[in-house]
Amino acid sequence: MAFFPNTNRPTSTSFSGFSRVLLTAVLMTVLFSCTVQAADDPAARRREFYDNLKILGEAYERIINNYVDEKDPKEIMEAGVKGMLKILDEHSNYLPPVNYEDLMMSTEGEFGGLGITINIRDHYPTVVSPIEGTPAYYMGIQGGDQIIEIEGETTRDFTSRDAVKKLRGPKGTKVNITIARPGSKEPFPLTIVRDIIKVESVPYAFMMGDIGYVKVQNFARTTHHELEDKLQELTDQGMKGLILDLRFNPGGLLYAAQEVSSLFLEDEQLVVFTKGRLRDQNKSYYAANRGPIFNKVPVIVMVNGSSASASEIVAAALQDHDAGLVVGKTSFGKGSVQTVFRLDEDEALKLTTARYYTPSGRSIHKNRSRDGGLSEEDHPVVDLEKDPAKEEMDRFDKEKFYTDSGRVIYGSGGVTPDIEIDQDFMSDFEMSVERDGALFSFAVEYANEHEGVNGDFQVSDDTFARFKSFLGEREKIGEYLEVFELTYSDSLADANSDFIKRGIRREMARRISGPTAAYKVAIEADSQLHEALELFNDAPSLGALLKSAAEWNEKQMEVLAAEKSAAEEETVSN
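Residues numbered from 1 in each chain as written. Predicted model: local features only at pLDDT ≥ 70, side-chain atom pairs only at ≥ 80, totals over all residues. Heavy atoms only, no water.

Engineer: Where do I start with the overall build of the protein in this structure?
Structural biologist: Scanning the protein from N- to C-terminus turns up 18 helices and 23 strands. Each of the 574 residues in the protein was classed as buried or not, and the buried ones make up 46%. In the protein, once contacts between residues fewer than 6 apart in sequence are set aside, the share between residues at least 24 apart is 70%. (Helix = DSSP H or I, 4+ residues; strand = E, 2+ residues; numbered from the N terminus. Buried < 20%, exposed > 50% of the residue type's maximum accessible area, 1.4 Å probe, protein only. Contact = heavy atoms within 4.5 Å.)

Engineer: Please explain helix α17 (residues 527-538) as it appears in this structure.
Structural biologist: For an α-helix, the turn length of 3.6 residues means that residues three or four places apart are oriented alike. Across its 12 residues, α17 extends 17 Å between first and last C-alpha, which sits within 8% of the 16 Å expected from 1.5 Å per residue. Looking only at α17, the buried set comprises Gln 528, Leu 529, Ala 532, Leu 533, Leu 535 and Phe 536. The buried side chains of α17 occupy one side of the element, clustering within an arc of 145° when seen end-on. Turned more than 90 degrees away from the buried face of α17, the exposed residues are Asn 537 and Asp 538. (Expected span 1.5 Å × (residues − 1). Arc of directions from axis to C-beta.)

Engineer: Would you mind going over the pattern of salt bridges with me for this structure?
Structural biologist: Any two side chains of opposite charge can pair, so long as their charged atoms come close to each other. Taken as a whole, this structure holds 25 salt bridges when the rule is applied. The salt bridge partner of Lys 74 is Glu 78, with a shortest N-O separation of 3.7 Å. One end of the pair, Lys 74, and the other, Glu 78, are both in helix α3 (residues 73-85), 4 residues apart, so they sit about a helical turn from each other. Residue Lys 74 is classed as partly exposed on the basis of its relative accessible area, which comes to 27%. Look at Glu 78 and you get buried, because its relative accessible area is 18%. Arg 506 is paired through a salt bridge with Glu 434; the nearest N and O atoms lie 2.9 Å apart. With a gap of 72 residues between them, Arg 506 in helix α15 (residues 497-513) and Glu 434 in helix α10 (residues 428-436) connect regions that are remote in the sequence. With relative accessibility at 15%, the residue Arg 506 sits in the buried group. The network of salt bridges with shared partners includes Lys 215, Asp 245, Arg 247 and Asp 526. (Salt bridge = Lys/Arg side-chain N within 4 Å of Asp/Glu carboxyl O.)

Engineer: What is the right way to look at the sheet that holds strand β17 (residues 299-303) in this model?
Structural biologist: Within a beta sheet, neighbouring strands are joined by backbone hydrogen bonds and run either parallel or antiparallel to one another. Reading across from one edge, β11-β12-β13-β17-β18-β23 is the order of the 6 strands in this open sheet, with mixed pairing throughout. The sheet terminates laterally at β11 (204-208) and β23 (419-420), the two strands that pair on one side only. Of the pairings in the sheet, the one linking strand β18 (residues 325-328) to β23 comprises 2 bridges and is parallel in character. What sits directly across from Val 327, in β23, is Ile 419. (Pairing = 2+ DSSP bridges.)

Engineer: I tried to follow a nonpolar patch on the surface on my own but got confused; where do I start?
Structural biologist: Taken together, Ile 63, Tyr 67 and Val 68 make up a surface patch of nonpolar side chains, about 310 Å² in accessible area. Tracing the chain through its elements places Ile 63 in helix α2 (residues 42-66). For Ile 63, a relative accessible area of 37% corresponds to the partly exposed category. (Patch = residues over 30% accessible without salt bridge, like charges linked within 9 Å, V, L, I, M, F, W, Y side chains within 5 Å. Areas by Shrake-Rupley, 256 points an atom, 1.4 Å probe, with all protein chains shown as cover.)

Engineer: Hey, could you run me through the packing of aromatic side chains in this one?
Structural biologist: Two aromatic rings, taken as a pair, are described by how far apart their centres are and by the angle between their planes. A complete count under the given rule lists 13 aromatic pairs for this structure. Plain terms: the ring middles of Phe 49 and Tyr 50 are 4.8 Å apart, the flat faces sit at 70° to each other, and that makes the pair edge-to-face. You can call Tyr 50 exposed: its relative accessible area is 52%. With a centroid separation of 6.4 Å and 80° between ring planes, the pair formed by Phe 429 and Phe 499 is classed as edge-to-face. Highlighted residues: Phe 429 in helix α10 and Phe 499 in helix α15, separated in sequence by 70 residues. Across the pair, exposure class does not vary: Phe 429 and Phe 499 are buried alike. Members of the aromatic cluster, joined through ring pairs, are Phe 442, Tyr 446, Phe 457, Phe 467 and Phe 470. (Phe/Tyr/Trp six-rings, centres within 6.5 Å; stacked < 30°, edge-to-face > 60°.)

Engineer: How should helix α12 (residues 461-472) be read in this particular structure?
Structural biologist: In this model, α12 (12 residues) spans 17 Å end to end at C-alpha, consistent with the 16 Å of a helix rising 1.5 Å per residue. Where the residues of α12 are buried, they touch α10, α11 (438-449), α13 (477-482), α14 (490-495) and α15.

Engineer: Honestly, the pairing of β18 in this entry has me stumped. Any pointers?
Structural biologist: Two faces make up the sheet, and in a regular strand the side chains alternate between them. Burial along β18 is two-sided: the residues Leu 325 and Val 327 and Val 326 and Gly 328 are all buried. In this view, the connection linking β17 to its parallel neighbour β18 by way of helix α9 (residues 310-320) has right-handed handedness. (Right-handed = clockwise from strand over helix to strand, strands pointing away.)

Engineer: I would appreciate a short explanation of the packing of α10 against α15 in the present structure.
Structural biologist: What describes two packed helices is the angle between their axes and the distance between those same axes. Closest axis-to-axis distance for the α10/α15 pair is 11 Å, and the angle between their directions is 30°. By the angle class used here, α10 and α15 are roughly parallel. Here the hand of the crossing between α10 and α15 comes out right-handed. On α15, the residues touching Phe 429, Glu 430, Val 433 and Glu 434 of α10 are Phe 499, Ile 500 and Arg 506. Grouping the amino acids of the contact of α10 with α15 by side-chain chemistry returns 4 nonpolar, no polar and 3 charged. (Axes fitted to C-alpha atoms, helices over the stretch in contact; angles between N-to-C directions. Parallel < 35°, antiparallel > 145°, perpendicular 65-115°, else oblique. Left-handed = near helix turned anticlockwise from the far one by under 90°. Nonpolar A, V, L, I, M, F, W, Y, C, P; charged D, E, K, R; others polar.)

Engineer: Please clarify how the nonpolar core should be interpreted in this entry.
Structural biologist: As a rule of thumb, nonpolar side chains are buried together in soluble globular proteins. Of all hydrophobic cores here, the largest spans 42 residues; its most connected members are Val 214, Leu 227, Leu 231, Leu 242, Leu 244, Phe 264 and Val 301. Contributing elements (two or more residues each) for this core: α7 (223-236), β13 (241-245), α8 (254-262), β15 (270-276), β17, α9 and β20 (348-357). Ignoring anything within four residues of it in the chain, the contact list for Leu 242 reads Ile 211, Gly 212, Tyr 213, Val 214, Leu 231, Leu 234, Phe 264, Val 297, Pro 298, Val 299, Ile 300 and Phe 536. With 24 residues, the next largest nonpolar core counts Tyr 213, Leu 529, Ala 539 and Leu 545 among its residues. (Core = buried A, V, L, I, M, F, W, Y, C linked by side-chain atoms within 4.5 Å.)

Engineer: Hey, could you run me through the pairing of strand β8 (residues 174-180) in this one?
Structural biologist: Of all the 7 residues making up β8, 5 are buried; the element is thus mostly covered by neighbouring parts of the structure. Two elements, strand β6 (residues 146-150) and β8, share 4 bridges in a ladder whose sense is antiparallel. If you follow Gln 146 over to β8, its bridge partner there is Ala 180. The pairing of β8 with strand β9 (residues 188-193) spans 6 bridges and is classified as antiparallel. When the bridges of β9 are listed, Ile 177 appears paired with Leu 190.

Engineer: Help me out: how do you make sense of the confidence of the model for the protein in this one?
Structural biologist: Reading predicted coordinates in detail is not appropriate for stretches of low pLDDT. Looking at the protein as a whole, the pLDDT averages 83, with 86% of positions reaching at least 70. Under a pLDDT of 50 for its full length, residues 4-39 has, in the predicted model, 55 contacts with residues more than four places off or in other chains. The low-confidence segment residues 374-391, where pLDDT is below 50, has 14 contacts with residues more than four positions distant or belonging to other chains. (pLDDT = per-residue confidence, 0-100.)

Rendered as structure tokens:
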């Protein structure tokens, strides 16, 4: 999500009862009043506005005072706001306190808490790993620790959100928890003082041979500085090429995308421009280099269908200026800008106020309904059973645009890669095992029983056999497999032995060496990433990469032409 920080705060946030609801109603009505032609009479528009506002206020008052059952005024107000939002796009949303807090945390890159990553495992919030240098880390919390109580309340069958809500809090405050540790006879209590926890938006950066690899997982206030530091470290290690992985990156702050793009573009090159209904939403954003530009090595940017918003801005800017090669699958197509309007001290409205355009003039936006589906305007209804290949528009049928050097690139929603590379998906069995958390739980148990396991850990036949028994005894594995009409058996596990052994090594690496070591094991099976790496072997320079893209497109056009010709011949013969 690309959005602007709040610039529309009320002068006072002390509202209650009907006054607060009325103010909200006024703001909502201003924002959502009907679109009118520029030639309409301003006086008529004002009259219509106040007439509508009166109706809205009277409807609220009648419901509160006359409905057969007494209703919470706040609940009715929220329902009214959400009702208005239903006719807008999926990215315009009302943010109650919990959602507003999550939004601020994801974009600010920090929050008050303990410094742990948790998942629900075997009914309880379970620590995946502590973050180094945080209160949890210094208190000796380990991966696999189950938090069975928070402030004396049992956490059995808590959701992750339930646990996070109770564990987070202002810096300097205390939280009392009870830990059940595998291998320990009795649970034990801990009192931890919360601190400010920094959330990394660039969690992984390392060398893969002589190619640097960087994973950016979102765009927050700190992303530019995090990425610059990581790129400098890789440069010092002598990287000869760079993979900037933006897959599964949902976006974030618009200005963070501008700053990240500036790390690869020349000063004053256009990054993105926006167009909105109001004049102050029509803005252009340029690269502003305040340090080294990392354009000395060829860059490959990886995107997929879950790369959205700010990640699409960066990918498109580098593609339009021929500063990098984009590979993978067409991105999500979230080309709109949201502004966060504060409604109260801890509530807000996230409203779409503009759409953004790439330097070449492309609009990446795909119109979607509020349930996330594409609108018929942008994505005509297709019977996928008859023609599954038509699920996405063919790249050569999309609108054409041109890069700085004159290369053809494609619009019509999302960032279309220069070279498309298919993406692997998890099998039904793999999804079931990951959902169950069996690999993580097994590694915790195994590590507690085998002290001194090092980073060269490999899964022996005996260990694999033990895991098969362990998996078969898991409480919910049968339920997860049944969703896919599977039944657990040794033969099913044997058929997926590569996945299981790699998964055990991944979780053991996490316990021995931390998240980066676990990630390196996980991407061993990332065929899309490894195919991208292979491109550097045949094309060690940016010019060579762009030439490879041109050749790939020519071949795809030839294949498409041959397929169309064969289809036409078959039609004639029939």
